Amino acid sequence: MRQRKKTFFGLLVPVVLCLGVPIPTLADTLIVNALLLDGTGSPGQRGSIRIIGDQISDVGNLTARATDTLVDAQGLVLSPGFIDTHSHADEHLLTQRSAAPKITQGITTVVVGQDGSSPYPLKDFFQALEQTPAKINVAAYVGHNTLRDAVMGKGNREEASPLQMQSMASLLGSELNSGAIGLSTGLEYEPGIYSSRAEVLLLAQQTAQRGGRYISHLRSEDRWFEDSIEEIIEIGRVTGMPVQISHIKLAMKRLWGSAPALLKQLDAARAEGVDITADIYPYIFWQSHMMVLLPERDPLDMPAIDLVMRELAPPEGIIFTHFPAEPSYVGKTLMEIAGLRDETPGEAFSQLAQQSIAYEEKTGQPGDSMIGTSMDESDLRDLMAWPHTNICTDGGLQDRHPRGAGSFPRVLGHYARDAELFSLESAVQKMTALPAQHLGMKNRGVIRPGYKADLVLFDPATVIDRATTSEPFLAAVGISDVWVNGTRVMENGRQTEAYPGRVIRRMSTP
């Protein structure tokens, strides 16, 4: 037996010749002296992990071998890679393959196609990622709004006819065949806001029949919140498939303090057999477009705008993150802009909304994006602590909301360590095994032999977010090293040149 070197997929690796047949061998990685949090919520254990190829080979008190690449964890926490179940990374991932805001949080897998909008067709998006991989793994839902636009035309505000629903169902089937996890809806956005419950239920049933899942930005997170919760529970009840509430929140003052009642309702649904879960990001302010606050989409409706100012998003808590008609407004609050314009906050909101609409009609590009402060901290904590809530970012790669760069470290550092809302083990579970369970991923999210070697090494004493509304791109600290599919993509806080991310398709084992 003798050794020579051979190139596989562009990598130079040793090859053993045995009976004339080349058998590739890979150098193993042995991570020693780590506090292992396996993702299940169990107490941490001191130990080591051996990685062979893209998998975890052994876990425990391991002895180094001559072929091992040794990594000394120096007592830091080693956990499964974090899974972001609600991400908008698809907007820029093909051009920003390093995915820095994700990797620096310890995120190794993102799930895109959210809020009813997905890359279309998915097979092309997946093919592009496989030809030029990113640093992170990617899974995707198929978006209801995307299907609706394809069938009914962009800007259509009508209810779908039975024939149009069937056409959407046909496209849905094709996207599911491409590997989509399931169906996502954004029922507070165009054009989903114009869909009937019957339309959504039909598509949900088609998804369930193919073994998919359902995730939803609810029809309302404020005015008609109770009806929206009933709708998603009913979808889970009728279809029998898992259903997830996107970025769960109580975004209206009259709802504040009702988190315990909401969780009681969700627990009752689960007791009935409805597999309903939620994801959440750790901030009391969201980011969206101005018109999402006006369901009738009328910027001249001053009574509706007054309700917004009183109940949904106070003017001092509205911060513009995108306003191309007047770029100087970015970073300013509505209160500040109203002062500059010598208008009341309501008048300024109406005028800015009209400017935004005009810009979008002229250019075809979004006319605004804003942060709105409208949640209560105690509700946020109650919802985050629910055993069936996992952590997400709801962020992209150029997100001016701090959630895009800080969500996971904020939970680890602020809520688990400093606020002691739950244990570090529970926090890690909400970022790893629990989201994997919610997505139906069988070989990620837990440190266990045979599982994919997506791993994060972090310092529990220092990990924290740094991103703010004024400096939204500041990277978190305390995340040391990250492995994706067994390859180190961040070493001692610095990104490597490796791009080992994969497409994760439904019912596949990549």
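Just so it is clear, the structure is predicted and the values come from calculations on it, not from any experiment.

Enquirer: Just to check I follow, could you spell out the overall build of the protein for this structure?
Expert: For the protein, the helix and strand inventory stands at 14 helices and 24 strands. A compact globule built from 510 residues would reach a C-alpha radius of gyration of about 24 Å, and the protein, at 24 Å, matches this within 12%. Within the protein, buried positions represent 55% of all 510 residues. For the protein, restricting intrachain contacts to residue pairs at least 6 apart in sequence, the fraction spanning at least 24 positions comes to 73%. Total accessible area computed for the protein in this model is approximately 20500 Å², and 51% of it derives from carbon and sulfur atoms. The positive charge centre, built from 46 side chains, and the negative charge centre, built from 60, are 9 Å apart in the protein.

Enquirer: Please explain helix α11 (residues 377-385) as it appears in this structure.
Expert: One full turn of an α-helix is made of 3.6 residues, so residues set three or four places apart face in the same direction. Of all the residues in α11, the buried ones are Asp-379, Leu-380, Leu-383 and Met-384. The buried residues of α11 all sit within an arc of 130° when viewed along its axis, so they share a single face. Packing partners of the buried residues in α11 comprise α7 (259-272), β16 (276-280), β20 (389-391) and α12 (403-418).

Enquirer: Is there a simple way to think about unusual backbone geometry in this case?
Expert: Note: most residues except glycine have negative phi, and most peptide bonds are trans. Cis rather than trans, the peptide bond between Tyr-120 and Pro-121 has omega equal to -5°. Within the secondary structure layout, Pro-121 lies in the loop between β10 (107-112) and α2 (122-131). Going from Glu-190 to Pro-191, the amide bond is cis rather than trans, its omega being -10°. Take Pro-191: it is sitting in the loop between β13 (182-186) and α5 (197-209). The backbone of Asp-115 shows a phi angle near 55°, a positive value even though the residue is not glycine.

Enquirer: Looking at this model, I keep getting lost on the nonpolar core. Mind explaining?
Expert: For soluble globular proteins, the rule of thumb is that nonpolar side chains tend to be buried together. Core analysis: the largest hydrophobic core is formed by 114 residues, its most contacted members being Tyr-214 and Leu-266. Ignoring sequence-local partners within four residues, the contact set of Tyr-214 consists of Leu-183, Thr-185, Leu-187, Val-200, Ala-204, Ile-232, Ile-235, Met-241, Pro-242, Val-243 and Gln-244. In terms of nonpolar packing, the next biggest core, distinct from the first, is built from 15 residues, Ile-51, Ile-56, Leu-78 and Ala-453 among them.

What counts and how
Residues numbered from 1 in each chain as written. Predicted model: local features only at pLDDT ≥ 70, side-chain atom pairs only at ≥ 80, totals over all residues. Heavy atoms only, no water. Helix = DSSP H or I, 4+ residues; strand = E, 2+ residues; numbered from the N terminus. Rg over C-alpha atoms; globule rule 2.2 N^0.38 Å. Buried < 20%, exposed > 50% of the residue type's maximum accessible area, 1.4 Å probe, protein only. Contact = heavy atoms within 4.5 Å. Areas by Shrake-Rupley, 256 points an atom, 1.4 Å probe, with all protein chains shown as cover. Lys, Arg positive; Asp, Glu negative; His and termini not counted. Charge placed at Lys NZ, Arg CZ, Asp CG, Glu CD. Arc of directions from axis to C-beta. Core = buried A, V, L, I, M, F, W, Y, C linked by side-chain atoms within 4.5 Å.

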